[in-house]
Amino acid sequence: MTMPSKRAGMEITDSVVCLTDACNYRCIFCSRRGTKCAHSPATIKKIIKQFPEDVCFEGGEPMLAKDLGEWVAFAKARGVRDIILVTNGFGLDKPAAVKKLLALGVTMFNVNFPAHNPKLYGLLTGTNGRFRAAVTAIKNLIRTAGPEKVRLTLVANTVIAGYLKNY
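Residues numbered from 1 in each chain as written. Predicted model: local features only at pLDDT ≥ 70, side-chain atom pairs only at ≥ 80, totals over all residues. Heavy atoms only, no water.

*Asks:* I would appreciate a short explanation of the overall build of the protein chain in the present structure.
*Replies:* In terms of helices and strands, the protein chain carries six helices and five strands. Beginning at the N terminus, the succession of helices and strands in the protein chain can be written as β-α-β-α-β-α-β-α-α-β-α. Here the C-alpha atoms of the protein chain give a radius of gyration of 16 Å, agreeing with the 15 Å that 2.2 N^0.38 yields for 167 residues. C-alpha extents for the protein chain along the principal axes are approximately 45 × 35 × 25 Å. Expressed as a percentage of its 167 residues, the buried residues of the protein chain come to 42%. For the protein chain, long-range pairs separated by at least 24 residues make up 72% of all intrachain contacts whose partners lie at least 6 apart in sequence. Summing over all exposed atoms, the protein chain offers an accessible surface of approximately 8,900 Å²; the carbon and sulfur share of this is 56%. Taking the average place of the 24 positive charges on the side chains of the protein chain and the average place of its 12 negative ones, the gap between the two points comes to 7 Å. (Helix = DSSP H or I, 4+ residues; strand = E, 2+ residues; numbered from the N terminus. Rg over C-alpha atoms; globule rule 2.2 N^0.38 Å. Buried < 20%, exposed > 50% of the residue type's maximum accessible area, 1.4 Å probe, protein only. Contact = heavy atoms within 4.5 Å. Areas by Shrake-Rupley, 256 points an atom, 1.4 Å probe, with all protein chains shown as cover. Lys, Arg positive; Asp, Glu negative; His and termini not counted. Charge placed at Lys NZ, Arg CZ, Asp CG, Glu CD.)

See below:
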């Protein structure tokens, strides 16, 4: 998948909406680290209008974007069929937060879950002590949204490769 344009006037090539450059993780495998990806409101509208089948909200961490709910609702109002949130699970440990996003229109939560234990998780995400919160968020998502609306993403890399069998 190619990155969509963040500059007005450039061709939009896919349905990825980058809401923010901010992220609370520092994943060693991040394809966006050090880049500016946040789209302008005009570009976000163009992407949503151009891709009625599916729109994928990403970041940085889209849960850090103050206008996430507004854009999800806009996509739903425009008739977008699948509204996907790509997240590390931040803020999704509370059922109310998940219910709100579902009501606004999110149809799939794609959660970055790069390791099966706290030590590897911390190493891969550049965080300390976030593993339990991520597990809590995933369990909450499955309970609240249903397992068919939750997808875990593992980025295969040399750090996790030797542990895949245990994952």
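Picking up after the structure, the text goes on.
*Asks:* What am I meant to see in the layout of surface pockets here?
*Replies:* Remark: the empty space left among the atoms is shown by a probe the size of a water molecule rolled over them. When its volume is computed, the largest pocket comes out at roughly 790 Å³. Counting residues per element, the ones that place at least two in the lining of the largest pocket are β3 (82-87) and β4 (108-112). At three residues, β4 tops the list of elements feeding residues into the lining of the largest pocket. Of the residues in the lining of the largest pocket, the class split is twelve nonpolar, eleven polar and eight charged. Computed from the structure, the second largest pocket encloses a volume of approximately 160 Å³. What lines the second largest pocket is Met 63, Ala 65, Lys 66, Asp 67, Leu 68, Gly 69, Glu 70, Ala 97, Lys 100 and Leu 101. Mapped by element, the contributors of at least two residues to the lining of the second largest pocket are α2 (68-77) and α3 (95-104). Among the residues making up the lining of the second largest pocket, the classes are represented as five nonpolar, one polar and four charged. (1 Å grid on protein atoms, 1.4 Å probe; cavity = no way out; pocket = protein on both sides within 12 Å on 5 of 7 lines; lining within 4 Å. Points joined across faces, edges and corners; volume = space filled by probe spheres on them. Nonpolar A, V, L, I, M, F, W, Y, C, P; charged D, E, K, R; others polar.)

*Asks:* Please explain the nonpolar core as it appears in this structure.
*Replies:* Note that soluble globular proteins tend to have their nonpolar side chains buried in a common cluster. Ranked by internal contacts, the top residues of the largest apolar core, which has 39 residues, are Phe 57, Leu 85, Leu 92 and Phe 109. Listed by contribution, the elements that provide at least two residues to this core are α1 (41-50), β2 (54-58), α2, β3, α3, β4, α4 (118-125) and α5 (131-145). In terms of residue count, the dominant contributor to this core is α5 (seven residues). Not counting residues up to four positions away in its chain, the partners in contact with Phe 109 are Leu 85, Leu 92, Val 98, Leu 101, Leu 102, Leu 141, Ala 145, Lys 149, Val 150 and Arg 151. (Core = buried A, V, L, I, M, F, W, Y, C linked by side-chain atoms within 4.5 Å.)

*Asks:* Mind showing me how you'd approach the sheet that holds strand β5 (residues 150-153) here?
*Replies:* The strands making up a sheet are joined through hydrogen bonds of the backbone, oriented either antiparallel or parallel. Reading across from one edge, β1-β2-β3-β4-β5 is the order of the five strands in this open sheet, with parallel pairing throughout. Strands at the two margins of the open sheet, each flanked by one partner only, are β1 (16-18) and β5. In this sheet, neighbouring strand axes are inclined to one another by 20° on average, regardless of whether the strands run parallel or antiparallel. Here four bridges tie β2 to β3, and the two strands are oriented parallel to one another. In the sheet register, Asp 54 faces β3, and the bridge partner there is Asp 82. (Pairing = 2+ DSSP bridges. Axes fitted to C-alpha atoms, helices over the stretch in contact; angles between N-to-C directions.)

*Asks:* For this particular structure, what's the right way to read a nonpolar patch on the surface?
*Replies:* A cluster of nonpolar side chains, Leu 152, Leu 164 and Tyr 167, forms an exposed patch at the surface whose accessible area comes to about 250 Å². According to the relative accessible area criterion, Leu 164 is partly exposed, its value standing at 38%. (Patch = residues over 30% accessible without salt bridge, like charges linked within 9 Å, V, L, I, M, F, W, Y side chains within 5 Å. Salt bridge = Lys/Arg side-chain N within 4 Å of Asp/Glu carboxyl O.)

*Asks:* Help me understand the confidence of the model for the protein chain, please; the structure alone is not making it clear to me.
*Replies:* Close reading of the predicted structure is inappropriate where its pLDDT is low. Looking at the protein chain as a whole, its pLDDT mean stands at 92, while 94% of the residues score no less than 70. Between residues 1-8, whose pLDDT stays under 50, and residues either more than four places distant or in other chains, the model counts 24 contacts. (pLDDT = per-residue confidence, 0-100.)

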